[in-house]
Amino acid sequence: MILIPCPHCGDRNSSEFTYAGEVHSRPSPGDARQGPWRDYLYGKDNPAGWTEERWFHGSGCGKYLRAERHTVTNEIRATRPEVGAGASSRTRP
Amino acid sequence: MSTAKRLLSGRPTKMRITSRPGEVIDRSKPVRFTWNGREKSAFEGDTIISALAASGERVFSRSFKYHRPRGILTATFHDPGCSVQVGDEPNVRGSHRLVTAGMKVTAQNVWPSLKLDVASANRAAGRFIGAGFYYKTFIKPERLWPTYEKVLQRFAPGGRVSADSPHGSYDKRYAHPDVVVAGGGPAGMAAALGAAEAGARVMLVEEEHSLGGHLRYGSETELAALAELRREVEASGAIEVLVNSAVTGRYDGNWIAILQRNLPHVTERLVKARAKVVVAAPGLIERPYVFEGNDLPGVMLSTAARRLLNLWAVAPGTRAVVLSANEEGDATAADLSDAGVHVAQVVDARRGEQVVRARGAGSLSEVELGDGSKVSCDLLVTAVGWTAPTLLLNVAGDRPVYDERAARFVPGDGLPANVLATGGIVGDGPTAALVEHGRATGRAAAERALARDGTSVTIPSLSPAPHPALYRSRTHGIVDFSEDISSKDLVSAAREGYDSVELLKRYTTATMGPAQGKLETINTVAVLAEATGRSIAETGTTVWRPPHVPVSLGALAGRVLEPVRYSPMQPWHEAHRATPIVAGQWIRPEHYGDPAREVRTVREHVGLIDVTPLGKLDLRGPDVPKLLNFLYVNKWLKLDIGSVRYGLMCGEDGVVLDDGVTGHLGEDHYLMSTTSSGADAVAHWIENWLQTTFPDWQVYMTPMTTAYASINVAGPKSRELMSRVVSDVDLSPEAFAYMQVRRGTICSVPGCVMWRIGFTGELSYELHVPAGYGLYVWESLLAAGEDLSAGVFGLEAQRIMRLEKGHLIVSQDTDGLTQGYGVGLDGLIKLDKEDFAGKQELEWQLERQGYNHLVALLPDDASVVPPEASQIVTGDRSIVGRVTSSRLSPSLGRSICLALVAPQLAETGKSVTVHLPDGTDVRAKVSEELAQFDPGGERLRA
């Protein structure tokens, strides 16, 4: 089971979290065309390598966080809070 | 008196020999059990199979395909022919499970009996059941599939599962040891000691019932070394020992799954150990030899013979031939002689001597050797080499490599820093060398686990000893004993083109039986290599996968810790014989005996329903209107304090997500209600938007679902009832109108929220009372309304009344593809809003048209209620919709339905065909309105 270093709670089993998908920005309302919108809804880059994704710590602090995870090895090299992203980050030693 | 005669002198346990120094049985504690209904005796410490072998039994099961008799092969957990039924528990590993008093053991996979197995006719037809037989035979014609299934089931292995079996007790545990050592042989014990000495907290896991590995059935010197190691482990204090437990796999982040079977009153426990470092010390598994007749009862591995002799003091036979290619074989011959078993011949494979075939009717009676000579015997012991069980290394990313000199696969060099290996899997040596390597490996593991330097630890080298490569004699025999696959099958499969080991495995099912390749993988590879003219190294091996041992579903599930939710009014419901219904985590009253009468109570008088499970979210902050305006499809920027509004939520894909009302309680303060089943999802949905997309919005969301007990008071007399219990709110229709909310005191309980809305279509008040007062208010309301004929109603009556009113239930009348337009709420969707969740898709839905519509259907025969999910079909039987809700309406005296139908059918008066599950069709007409009862809503607004 993947161990996720929650920026608020520390290392926790991934079973405490809900996977919330790759980080995609929402197309700006009003001028969204179908292509980019459908890509936002359903498109996944799904790289074999590093990816940035969101996890929701529902059985913990209740916060969304961002994680940089390697999809082949499941290594998580950094996580940071979703709100005020960039303010503080937690990196594995 | 000869040994054979002494052994067979008719004592009740005729193969039990005199005391052995390392025996694990307690002769002072006899145990009685039954085998196929006949009473048998054993000693405490006996396994089922050792006890049966002691009593002279030789056949324990029939093989999978050919129903050949099978006896002991390995005398370990993985013994393929020794699975038995114990009471109502099938597939018990008989060579591992200890006998207990009164145990009822029966043979499985035999029909009608172990001795007379009708299905062994398959053996005569054996040449027709080659590789891929099932794939090739049971395919066409398709109409015979059900017949094939019955035939195959009769011959399928495995015991019987009883539907009446009591639930076992299962458990889970989380552990955080520094080091997990998988395997409790000499190297594993030493590794645990080394790690503990270096300051680590250690978990030492051993598959068998006690520590020691091969030392347990070894020489007196080995027994002495074991006693010393055990003493040290016991004295350590930092080593937790789990015996009769197995590491079943390793997962991300060194998450080690351990199946623990040694706890009293617990069938199995899954230990989830997050180890900093794991040391793999599984030892070696002895390999069977492939030759004609190698599965006859009486042919067994040298380790099996030594285990029987030295652990359970059971003579594995009376006259033995030993095929030996290594020291273990030589030691077995010596042990057999020592125990009084006549060793007729030692066949030394190192000198090129061979066993060619074994013969016997039902069990072994003669062995034919390479020089053509024949030796009569009832025991043939083979010691031809070892397999390294590399599961833990494989799952950590390592690929084993073939060491030609040692004739076995050994670990590669692909291990991550948090996995180490020691013991036989790494190399061979005397006990002292294994212990030295183990101890150093344990110290290194601790250094890594405790994030210390670790450079001071030098791990001595341990390499595999040279061993002759012996896989198959010049005859063909069984390779996979679990799946009944012979070397001939593998050769013919290779000829058919299945010449890659992974393909061959899947095609023939070799290595896919209960032993999962532990005994047969290397022989499979060797036979394939031979058939394709490649080397074993070129052929490669299959990848070992978890679980290492079978894990019951109960162990994976653990204890049932899923919460069950009851409203505070539950004691009243129980006292009044409510029929419960499970609704997600909630247990709710479905009805109190007569839903139709409950409907009449509400329509004519006043009724109470417990709606506590309704989702309730407290929203505070200046940006709540912006949030509501975004979440719902309708407009929310202007909602007066004291008003409530109905809203529909769609996902970003435009699919209907939830609905409910939200009330404006005070300045910057709102209360949102959601569907009962959607409460958690909506709370997460809101968190998602607030945290990921609108972090600058000032909104606090607090789930309040269980903080309030919720009661809907519905019916024409509900205002009268309310007026008797509410003192500080003006209830007149002018002061407290439909779709308004008030806060006040109910039955002297302050801090209640009441809003005038109703799912039932009657004048009604929904009350949210602090949960602790829920039962009190419920009872007080009923007492206050006694002369008003006040009653209660359950979920079923509410569903009937909402159907009469045509109110949809999200996820019942909509599905995962139902977008916002078409569910009867088109007017609610405001595409002129700048933005809201799902707006884009709804715009496109409207442009596209062609979507299904929710309509009310009235069957022509008013007494027919088409079951929910009945399909609506056209003349050519294509599906054009389905009934989503249907009931017999007590208020209208006829059946009514809601249905999702194709657009061309969504016209008032259209006649449609509803196909019922019983195969008949009925006609129904599309009604003008979704509501069949009080479509104008006068009663609601009264």
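Quick notes on the rules
- Residues numbered from 1 in each chain as written.
- Chains lettered and ligands numbered in written order.
- Predicted model: local features only at pLDDT ≥ 70, side-chain atom pairs only at ≥ 80, totals over all residues.
- Heavy atoms only, no water.
- Helix = DSSP H or I, 4+ residues; strand = E, 2+ residues; numbered from the N terminus.
- Buried < 20%, exposed > 50% of the residue type's maximum accessible area, 1.4 Å probe, protein only.
- Contact = heavy atoms within 4.5 Å.
- Areas by Shrake-Rupley, 256 points an atom, 1.4 Å probe, with all protein chains shown as cover.
- Polar contact = N/O pair within 3.5 Å; in protein donor to acceptor, adjacent residues only side chain to side chain.
- Salt bridge = Lys/Arg side-chain N within 4 Å of Asp/Glu carboxyl O.
- Nonpolar A, V, L, I, M, F, W, Y, C, P; charged D, E, K, R; others polar.
- Pairing = 2+ DSSP bridges.
- 1 Å grid on protein atoms, 1.4 Å probe; cavity = no way out; pocket = protein on both sides within 12 Å on 5 of 7 lines; lining within 4 Å.
- Points joined across faces, edges and corners; volume = space filled by probe spheres on them.
- Domains from an automatic or database assignment.
- Core = buried A, V, L, I, M, F, W, Y, C linked by side-chain atoms within 4.5 Å.
- Axes fitted to C-alpha atoms, helices over the stretch in contact; angles between N-to-C directions.

A. Region of interest: the overall build of chain A. If you tally the helices and strands in chain A, you get 1 helix and 7 strands. When the elements of chain A are put in sequence order from the N terminus, they spell out β-β-β-α-β-β-β-β. Taken over 93 residues, chain A has a buried fraction of 42%. Counted over contacts in chain A with a minimum sequence separation of 6, partners at least 24 positions apart contribute 44%. Element-wise, carbon and sulfur atoms account for 46% of the exposed surface of chain A, whose accessible area totals about 4900 Å².

B. Fine view of the environment of glutamate 206 of chain B. Residue and element names in this part refer to chain B. Mapped onto the secondary structure, glutamate 206 falls in the loop between strand 10 (202–205) and helix 7 (220–236). Classification of glutamate 206 by relative accessible area gives buried; the value is 7%. For the pair glutamate 206 and glutamine 516, spaced 310 residues apart in sequence, the C-alpha to C-alpha distance is 19 Å. Separated by 2.8 Å, the side chain of glutamate 206 and the backbone nitrogen of glutamate 208 make a polar contact.

C. Here's a closer look at the interface of chain B and chain A. Taken together, the contact pairs 23 residues of chain B with 24 residues of chain A. Across the chain B-chain A interface, the total number found is 3 salt bridges. In this structure, arginine 26 of chain A and aspartate 835 of chain B form a salt bridge, with 2.7 Å as the shortest nitrogen-oxygen distance. If you look at where chain B meets chain A, you find 12 residue pairs in polar contact (both at pLDDT 80 or more). Where the side of chain B that touches chain A is concerned, the elements lending two or more residues are helix 20 (679–693) and helix 24 (839–848) of chain B. Tallying contributions element by element places helix 20 of chain B first for the side of chain B that touches chain A, with 6 residues. Of the residues belonging to the side of chain B that touches chain A, the class tally is 9 nonpolar, 6 polar and 8 charged.

D. Representation of the pairing of strand 46 (residues 894–901) of chain B. Residues and elements named next belong to chain B. Taken across its 8 residues, strand 46 has 8 buried, putting it largely inside the fold. With burial as the criterion, each face of strand 46 is covered, one bearing Arg894, Ile896, Leu898 and Leu900 and the other bearing Ser895, Cys897, Ala899 and Val901. Relative to strand 46, strand 43 (residues 853–859) runs antiparallel, the two sharing 5 bridges. Note that in strand 46 the partner of histidine 853 across the bridge is valine 901. As defined by bridge partners, strand 45 (residues 879–889) adjoins strand 46 across 8 bridges and the pair is classed as antiparallel. Within strand 46, the residue paired with arginine 882 across the bridge is leucine 900. Two successive antiparallel strands, strand 45 and strand 46, enclose a turn made up of 4 residues, where glycine 893 displays a positive phi of approximately 65 degrees.

E. Representation of empty space enclosed by the protein in the model. Residue and element names in this part refer to chain B. The tally for this structure, following the rule as stated, stands at 4 cavities of 30 Å³ or more. In this model, the largest cavity occupies a volume close to 70 Å³. Lining the largest cavity are Arg70, Gly71, Ile72, Leu73, Gly81, Asn294, Asp295, Leu296, Pro297, Gly298, Val299 and Phe481. Taken together, the residues that form the lining of the largest cavity break down as 6 nonpolar, 4 polar and 2 charged. The calculated volume of the second largest cavity comes to roughly 40 Å³. What lines the second largest cavity is Leu73, Pro288, Tyr289, Phe291, Asn294, Val299, Met300, Leu301, Thr382 and Phe481. At 3 residues, the largest contribution of residues to the lining of the second largest cavity is made by strand 17 (residues 299–301).

F. Here's a closer look at the domain arrangement of chain B. Split into domains, chain B comes out as domain 1 (3–120 + 288–345), domain 2 (170–284 + 388–449), domain 3 (565–614 + 707–793), domain 4 (615–704) and domain 5 (839–942). For domain 4 of chain B and domain 5 of chain B, the distance between their C-alpha centroids amounts to 30 Å.

G. Representation of the nonpolar core in the model. Residue and element names in this part refer to chain B. Counting 52 residues, the largest nonpolar core has Phe33, Ile48, Ile72, Val105 and Leu336 as the members making the most contacts within it. Setting aside chain neighbours within four positions, we find leucine 336 in contact with Leu309, Pro316, Ala320, Val322, Val341, Val343, Leu379 and Val381. One finds Trp572, Leu608, Val726 and Leu788 within the second-largest nonpolar core, a separate group that totals 32 residues.

H. How the structure looks around the sheet that holds strand 22 (residues 374–376) of chain B. Residue and element names in this part refer to chain B. Spatially, the 3 strands line up as an open sheet ordered 20-21-22, and their pairing is antiparallel. With one partner strand each, in any of the chains shown, strand 20 (355–359) and strand 22 form the two edges of the open sheet. For this sheet, the mean inter-axis angle between neighbouring strands, taken without regard to orientation, is 20 degrees.

I. Local environment of the sheet that holds strand 17 of chain B. Residue and element names in this part refer to chain B. With parallel pairing, the 4 strands of this open sheet are ordered in space as 17-23-18-19. Across the chains shown, the open sheet's two edge strands, defined by having one partner strand only, are strand 17 and strand 19 (342–348). Going from strand to strand, the sheet's axes swing by 20 degrees on average, the running direction of each strand aside. Alignment of strand 18 (residues 319–324) against strand 23 (residues 379–383), held across 5 bridges, turns out to be parallel.

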